[in-house]
Amino acid sequence: MKLVIFGGFLGSGKTSLILSLAHHLVNREGSEKPSLVILENEIGEVGIDNKVLQAGGFSVKELFAGCICCTLTADLVTTLNDLHEKIQPKWVIFEPTGLAYPKKIIETVNQYGKGIERIVVIAVVDAERWEELTEITPGLIEGQVSSGDLILINKCDLVDGVALQAIREQVRAMNPRAEILEVSATSGIDTRIWGKVDEGPEA
Amino acid sequence: MKVLKRKTVALSPQGHAHGQHRPSAEELFHAPGESPAVYSITKPVAFAQGVGGTHFAAAMIRCVEGVRDWAAHQRHLVGHIKVFIENGSKDHLWLASTGKRISVQSSPGWDAAVSETFQVHFTAIIFGPGQDHLEEIVAEHIQRELSSIQP
């Protein structure tokens, strides 16, 4: 079971990118659908992203119990272990809330998760709001970026080249080890980017 | 890019409200004073006669615009505003904004469909306002725009 975690601030484009990755995984397998489950944790009583993903034809489970900072990781581990025992999906994609620190999630999953052969963390950066968000919430943004194995600077079509270069340099300073790519989820994602998900580090 | 300066926002008196998905500012940002207000509802809507998809979408876009513009005027930071709407024939419309543009996507049948019933799922996460104030403002915008729809 391979686990892909999408980190990134609210509105950065995580759900759109997950739709793209999920379609890629389905298409890659041809007629034989891969075993794919998407786990969603959202802020608020009503889930929106889960409905968007379900409308795309994907299997989605909601993690609504508790709040993002306390019991989520326990619920996540319980759900992952349940999936491993009952469904054994090939892929699990997890979208935490836009206020979550992926590092905490990874630590818990590594310690208590069963049957996970690989974890890939994709950090999604909102290029359009980068300067604004790094000013207002620097700790959270750095925490999200620094956890990524792959960093996708999304909405790159909405900023100019100079701004994009500045973002890239700041992101690199926060995370020297990750691969950094510029994308626009609304314009379509080069499927070679999703090929990199298979090359992530072993859990 | 222009650097935006925002006023400091008082920490929510609820602080770390576990049952309402509202962790404290320190846990979120390592910086006090930035706890988001969250408005999140599902609202069933019914009309005596059918309403076209484009007509309903226009009203919901005005609603998101209204909340977005209010937040900008108050210098609040929009986490996100997201709306997912299903009509009676299970076509859907998806709106999203982070305080700038409004992204609008729909299923292929949405525009042509005419429906008497809709389910509106609406979530707004905004940093700055009090919880009660946000609820009041968003509910007002939703009600105003739904009331403007004439089948």
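Every value quoted in this text rests on a predicted model; they were computed, and no experiment measured them.

What counts and how
- Residues numbered from 1 in each chain as written.
- Chains lettered and ligands numbered in written order.
- Predicted model: local features only at pLDDT ≥ 70, side-chain atom pairs only at ≥ 80, totals over all residues.
- Heavy atoms only, no water.
- Helix = DSSP H or I, 4+ residues; strand = E, 2+ residues; numbered from the N terminus.
- Buried < 20%, exposed > 50% of the residue type's maximum accessible area, 1.4 Å probe, protein only.
- Contact = heavy atoms within 4.5 Å.
- Areas by Shrake-Rupley, 256 points an atom, 1.4 Å probe, with all protein chains shown as cover.
- Pairing = 2+ DSSP bridges.
- Axes fitted to C-alpha atoms, helices over the stretch in contact; angles between N-to-C directions.
- Phe/Tyr/Trp six-rings, centres within 6.5 Å; stacked < 30°, edge-to-face > 60°.
- Salt bridge = Lys/Arg side-chain N within 4 Å of Asp/Glu carboxyl O.
- pLDDT = per-residue confidence, 0-100.
- Right-handed = clockwise from strand over helix to strand, strands pointing away.
- Parallel < 35°, antiparallel > 145°, perpendicular 65-115°, else oblique.
- Left-handed = near helix turned anticlockwise from the far one by under 90°.
- Nonpolar A, V, L, I, M, F, W, Y, C, P; charged D, E, K, R; others polar.

Draft legend 1. Structural context of the overall build of chain A. Along the backbone of chain A there are eight helices and seven strands. In chain A, buried positions account for 60% of the 203 residues. Contacts spanning at least 24 positions in sequence make up 76% of the contacts within chain A whose residues lie at least 6 apart. With an accessible surface of roughly 7900 Å², chain A has 48% of that area assigned to carbon and sulfur atoms.

Draft legend 2. A look at the sheet that holds strand E3 (residues 60-62) of chain A. Residue and element names in this part refer to chain A. Spatial strand order, E3-E2-E4-E1-E5-E6-E7: seven strands in an open sheet with parallel pairing. Both outer strands of the open sheet, E3 and strand E7 (179-182), are each paired with one neighbouring strand and no more. In this sheet, adjacent strand axes meet at a mean angle of 20° when their direction is disregarded. In this structure, strand E2 (residues 36-40) lies alongside strand E4 (residues 91-95), joined through five bridges in parallel fashion.

Draft legend 3. Structural detail: the environment of Arg172 of chain A. Residue and element names in this part refer to chain A. Here Arg172 shows up in helix H7 (residues 161-174). With 26 residues separating them along the chain, Arg172 and Ser146 place their C-alpha atoms 9.1 Å apart. In this structure Arg172 touches Arg177, Ala178 and Ile180, once residues within four positions along its chain are discounted.

Draft legend 4. The arrangement of the sheet that holds strand E4 (residues 102-106) of chain B in detail. Residues and elements named next belong to chain B. The strand order E1-E5-E2-E3-E4 describes an open sheet built from five strands, whose pairing is antiparallel. Two strands close off the open sheet at either side, each with one partner strand: strand E1 (36-52) and E4. Averaged over all neighbouring strand pairs, the angle between strand axes comes to 10°, with direction disregarded. Lying over the sheet, helix H3 (residues 131-147) contacts E1 and strand E5 (114-127), oriented at roughly 15° with respect to E1.

Draft legend 5. Molecular detail of the packing of aromatic side chains. Residues and elements named next belong to chain B. Inspection of the entire model under this criterion finds eight aromatic pairs over all chains. When the centroid spacing of 6.1 Å and the interplanar angle of 80° are considered together, the rings of Phe47 and Phe118 count as edge-to-face. Residue Phe47 is located in strand E1, and its partner Phe118 is located in strand E5; the two are separated by 71 residues in the primary sequence. As far as burial versus exposure is concerned, Phe47 and Phe118 are alike and both buried. Judged by centre distance (6.5 Å) and plane angle (70°), the ring pair of Phe56 and Trp110 falls under edge-to-face. In this pair, Phe56 is assigned in helix H2 (residues 53-73) and Trp110 in the loop between E4 and E5, connecting sequence segments 54 residues apart. Here Trp110 falls in the buried class, since its relative accessible area comes to 0%. Through a chain of ring-to-ring contacts, three or more aromatic side chains come together here, namely Phe47, Phe56, Trp110 and Phe118.

Draft legend 6. Focus on the environment of Arg28 of chain A. All names here are of chain A. Within the element layout of this structure, Arg28 appears in helix H1 (residues 14-28). For Arg28, a relative accessible area of 37% puts it in the partly exposed group. Separated by 163 residues in sequence, Arg28 and Thr191 have C-alpha atoms that sit 9.7 Å apart. Those residues in contact with Arg28, other than ones at most four positions away along the chain, are Lys90, Trp91 and Asp198.

Draft legend 7. Seen up close, the pattern of salt bridges. Counted under the stated rule, the structure contains 13 salt bridges over all chains. Across the pair Glu140 of chain B and Arg144 of chain B runs a salt bridge, and its minimum N-O distance is 3.1 Å. A residue pair is termed a helical-turn pair when its members lie 3 or 4 positions apart in one helix, as Glu140 of chain B and Arg144 of chain B do in helix H3 at four residues. Here the residues in one salt-bridge network are Asp126, Arg129 and Lys155 of chain A, joined through shared partners.

Draft legend 8. Layout of the confidence of the model for chain B. All names here are of chain B. When pLDDT is averaged across chain B, the result is 82; 77% of the residues are at 70 or more. Predicted confidence is poor over residues 1-22, with pLDDT under 50, and the contacts of this stretch with residues over four places away or in other chains come to 53 contacts. Of the regions scoring below 50 in pLDDT, residues 24-33 engages in 32 contacts with residues more than four places distant in sequence or in other chains.

Draft legend 9. Region of the structure containing the confidence of the model for chain A. Per-residue pLDDT for chain A averages 88, and the proportion of residues at 70 or more is 90%. Considering each helix and strand of chain A separately, the mean pLDDT is smallest for helix H3 (residues 72-86) of chain A, with a value of 86, and largest for H7 of chain A, with 98.

Draft legend 10. Up close: the pairing of E7 of chain A. Residue and element names in this part refer to chain A. The sheet contact formed by strand E6 (residues 150-154) and E7 spans four bridges and is parallel. Residue Ile153 lies in a different strand from E7, and its bridge partner there is Glu182. Taken together, E6, H7 and E7 form a β-α-β motif whose crossover is right-handed.

Draft legend 11. Broad picture of the packing of H2 of chain B against H3 of chain B. Residues and elements named next belong to chain B. Where H2 meets H3, the closest approach of the two axes is 9 Å, and the angle between their N-to-C directions is 150°. Our classification of the angle between H2 and H3 gives roughly antiparallel. Two packed elements cross with a definite hand, and for H2 against H3 that hand is right-handed. Contacts between H2 and H3 involve Phe56, Ala59, Met60, Arg62, Cys63, Gly66, Val67 and Trp70 from the first element and His133, Leu134, Ile137, Val138, His141, Ile142, Glu145 and Leu146 from the second. For the contact of H2 with H3, a count of residues per class yields 11 nonpolar, three polar and two charged.

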